[in-house]
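So you can see what is in the structure, the chains are spelled out below.
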Amino acid sequence: MAFATSPATLANLAHLTPRPVKGLFGDNYLSVADMDFTQQFLPEVYEKEIERFGNRTITGFLRMVGAEMPMASDQVVWSEQGRLHIAYDTVISGATALKTISLPSPGADGKVPLLGPGMTVVIAKGNVTVKAFIKSLVPIGAAVIQAYNIEVYDTANGQLPAALTGAVAGAPLSLFVFGSEYGKGSSLAGNSVDASFTTFSNKPIILRDKYEVNGSDVAQIGWVEVTTEVGGGGYLWYLKSEHESRIRFEDYLEMSMVEATNAKSVFTDAAGATIEGMQGLFGALEERGLVYNNPDFGSTAAGKGLDEFDAILEELDKQGAIEENMMFLDRSTSLSIDNMLANQNSYGAGGTSYGVFDNSEEMALNLGFSGFRRGSYDFYKTDWKYLNDSTTRGLINDIKGVIVPAGTSTVYDQQLGQNISRPFLHIRYRASEADDRRLKSWVTGSVGGNYTSDADVMNVHFLSERTLCTQAANNFVLLKQL
């Protein structure tokens, strides 16, 4: 019986003719087209990865301005002080009752107005200002209005001047209390005012990710020399992707604290678990912070440049007036502030002299600023990579920067059992003696010495449960491009 096939012979192999010198000719090299095995001349392979995108991680923002502390509950609650003084910008005045003013009741904060007999107030509209005495509450049946009888100090008849009469809800008067006055033997005893405060809360969200590699790929040797974003370096085998998964997950931890938002209607995930969302930094500033739209700090036009920045300072004066602030900006806004500051130097209109220095050929010209002082405020400026990276906010370009106060608050922490100072912006993560969920990782599968299932894979899991506390948001400024 004959064989169906015969072993390979020299006749059906590629014809090779040896050469006395090391040169390539048409008949002395092994070609894949001629032979079904790897070429004789293998490619030169660089073991080291090329860092074409530089440092790819975007973490660091919360690390610079915040802190991390454990919590043991499903919700974190804090209260913030109200204003110490009494003021309203919703005052209505009649066109005929010239000794009467009224306020919506209850007020915008849900509380009854705090004005009472004996208080002395300033009433104004624009630049027209008078001082008045609250004489009594007007008994009125309507539950939506609280009226007051007043006497005006500045007019002979005790009535409001014509410029302050006829004020309606769409164009109201402003009022603030500056003291009180009582006559001799008066039976009035002043007005009791409860301290006002506002309660805020946030809930943690659970973040998860994993990296999976099958057993065959683990058995395949493939070393790559890398330099990591966290400062390390060396050779990685199949865990190169696992390492990047961990770095990417750590980025997600920060990005979620910045971008997360509360769900307006609660829904479920694919497994049926409830998803509620969380209020991140941008959401908190949109709701409770200061938002400045379309900044153009580098312009020298009227109302632009330094005038815009001064408008921000005026608003900060009305809030906590915290002296030191950090500015985290995208590239264009950072450069526009450099130009704004350079424009204040009469010798630097062309951008050649930003400071006082001896100009020499051995000196590099510095055209940027890392900080400045304006009024009673110090600002320290830095680029925020999250706003510049083309795979994060740099892709959208609507958020131009955030101004973060550098203040802290001192509170008693029940879990730690002591007073602690914490920044206005900080993270709380779930932790107890049984489980620390700040950043967990574990391995499952049947590869790499972990025999927890019959799957021929190795799964590296990542998990964190955390929330962001944005306290005193009225002192933050969100720079936004509409």
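This structure is a prediction, so every number in the text was calculated from the model and none was measured.

## Examining the packing of aromatic side chains
Now for step 1: Considering all chains together, one arrives at twelve aromatic pairs under this definition.
Now for step 2: With centroids separated by 6.2 Å and ring planes inclined at 35°, the aromatic side chains of Y377 and F379 adopt a geometry described as tilted.
Now for step 3: In this structure Y377 comes out as buried when scored by relative accessible area, which is 2%.
Now for step 4: Classification of F379 by relative accessible area gives buried; the value is 1%.
Now for step 5: Aromatic rings pair up to connect F61, F282, F328, W384 and Y386 into one cluster.
Now for step 6: Stacked on the ring of F200, the Lys or Arg R288 has its end atom at 4.4 Å from the ring centre.
Now for step 7: The aromatic ring of W442 is capped on one face by K440, whose charged end is 5.4 Å from the ring centroid.

## Re the side chain of S93
Now for step 1: With respect to the secondary-structure elements, S93 resides in strand 3 (residues 87–93).
Now for step 2: There is a polar contact of 2.7 Å between the side chain of S93 and the backbone oxygen of L164.
Now for step 3: Every residue in contact with S93, bar those within four places of it in the chain, is listed here: T100, L160, L164, T165, G166, A167 and L173.

## So, the pattern of salt bridges
Now for step 1: Under the counting rule described, the total for this entry stands at 22 salt bridges.
Now for step 2: Here E151 ties to K99 by a salt bridge, and the two come within 3.2 Å at their closest N and O atoms. Note that E151 is positioned in strand 7 (residues 145–152) and K99 in the loop between strand 3 and strand 4 (100–104), a separation of 52 residues in sequence.
Now for step 3: Accessibility expressed as a relative area gives 26% for E151, which makes it partly exposed.
Now for step 4: Classification of K99 by relative accessible area gives partly exposed; the value is 30%.
Now for step 5: Notably, a salt bridge pairs K440 with D435, separated by 3.3 Å at the nearest N-O pair.
Now for step 6: Assessed through its relative accessible area of 25%, D435 is described here as partly exposed.

## With respect to the pairing of strand 24 (residues 457–470)
Now for step 1: Counting buried residues along strand 24, 14 of its 14 residues qualify, which places the element largely inside the surrounding structure.
Now for step 2: Residues V457, N459, H461, L463, E465, T467 and C469 line one face of strand 24 and the alternating positions M458, V460, F462, S464, R466, L468 and T470 line the opposite face, and both faces are buried.
Now for step 3: Strand direction decides the pairing type here: strand 10 (residues 205–214) and strand 24, joined by ten bridges, are antiparallel. For E212, the partnering residue across the bridge sits in strand 24 and is N459.

## Overview of the layout of surface pockets
Now for step 1: Roughly 460 Å³ of volume is contained in the second largest pocket.
Now for step 2: For the lining of the second largest pocket, the leading source of residues is helix 3 (residues 240–259), giving four residues.
Now for step 3: Tallied by class, the residues present in the lining of the second largest pocket amount to nine nonpolar, five polar and eight charged.

## As for the sheet that holds strand 17 (residues 371–374)
Now for step 1: Reading across the sheet, the six strands line up as 15-25-19-16-18-17 and stay open at both edges, with mixed pairing between neighbours. The open sheet has two edge strands, strand 15 (290–293) and strand 17, and neither has a second partner. Recorded for the sheet is a direction-independent mean angle of 20° between the axes of neighbouring strands.
Now for step 2: Here strand 15 runs beside strand 25 (residues 477–480); their pairing, made up of four bridges, is parallel. In the strand pairing of strand 25, V291 is matched with L478.
Now for step 3: Seen against the sheet, helix 4 (residues 281–288) touches strand 15, strand 19 (399–405) and strand 25 and runs at an angle of roughly 100° to strand 25.

## Remarks on unusual backbone geometry
Now for step 1: We note that N294 has phi near 55°; this positive angle belongs to a residue other than glycine.
Now for step 2: Tracing the backbone shows N294 in the loop between strand 15 and helix 5 (306–318).

## Remarks on the sheet that holds strand 3
Now for step 1: One closed barrel holds the six strands; their spatial order is 3-4-7-6-5-8, and the pairing between them is antiparallel. Adjacent strand axes in the sheet meet at a mean angle of 45°, parallel and antiparallel pairs treated alike.
Now for step 2: In this structure, strand 4 lies alongside strand 7, joined through five bridges in antiparallel fashion. Within the sheet, the bridge partner assigned to I101 lies in strand 7 and is Y148.

## Considering the nonpolar core
Note on soluble globular proteins: their nonpolar side chains tend to be buried together.
Now for step 1: Grouped together as the largest cluster of nonpolar side chains are 39 residues, with contacts concentrated most on F61, F282, W384, Y386, L425 and L468.
Now for step 2: No other element matches the five residues that helix 3 contributes to this core.
Now for step 3: Every residue in contact with L468, bar those within four places of it in the chain, is listed here: L62, N202, M257, M278, Q279, G280, L281, L425, H426 and I427.
Now for step 4: Counting 21 residues, the second-largest nonpolar core is a separate cluster that includes Y88, L103, L164 and V177.

## Considering the pairing of strand 17
Now for step 1: The pairing of strand 17 with strand 18 (residues 377–383) spans four bridges and is antiparallel. The residue of strand 18 that forms the bridge with R374 is Y377.
Now for step 2: Turn length for the strand 17-strand 18 hairpin, with the two strands adjacent in sequence and antiparallel, is two residues, and the turn residue G375 shows positive phi of about 65°.

Thresholds, definitions, all that
- Residues numbered from 1 in each chain as written.
- Predicted model: local features only at pLDDT ≥ 70, side-chain atom pairs only at ≥ 80, totals over all residues.
- Heavy atoms only, no water.
- Phe/Tyr/Trp six-rings, centres within 6.5 Å; stacked < 30°, edge-to-face > 60°.
- Buried < 20%, exposed > 50% of the residue type's maximum accessible area, 1.4 Å probe, protein only.
- Lys NZ or Arg CZ within 6 Å of the ring centre and 35° of its normal.
- Helix = DSSP H or I, 4+ residues; strand = E, 2+ residues; numbered from the N terminus.
- Polar contact = N/O pair within 3.5 Å; in protein donor to acceptor, adjacent residues only side chain to side chain.
- Contact = heavy atoms within 4.5 Å.
- Salt bridge = Lys/Arg side-chain N within 4 Å of Asp/Glu carboxyl O.
- Pairing = 2+ DSSP bridges.
- 1 Å grid on protein atoms, 1.4 Å probe; cavity = no way out; pocket = protein on both sides within 12 Å on 5 of 7 lines; lining within 4 Å.
- Points joined across faces, edges and corners; volume = space filled by probe spheres on them.
- Nonpolar A, V, L, I, M, F, W, Y, C, P; charged D, E, K, R; others polar.
- Axes fitted to C-alpha atoms, helices over the stretch in contact; angles between N-to-C directions.
- Core = buried A, V, L, I, M, F, W, Y, C linked by side-chain atoms within 4.5 Å.

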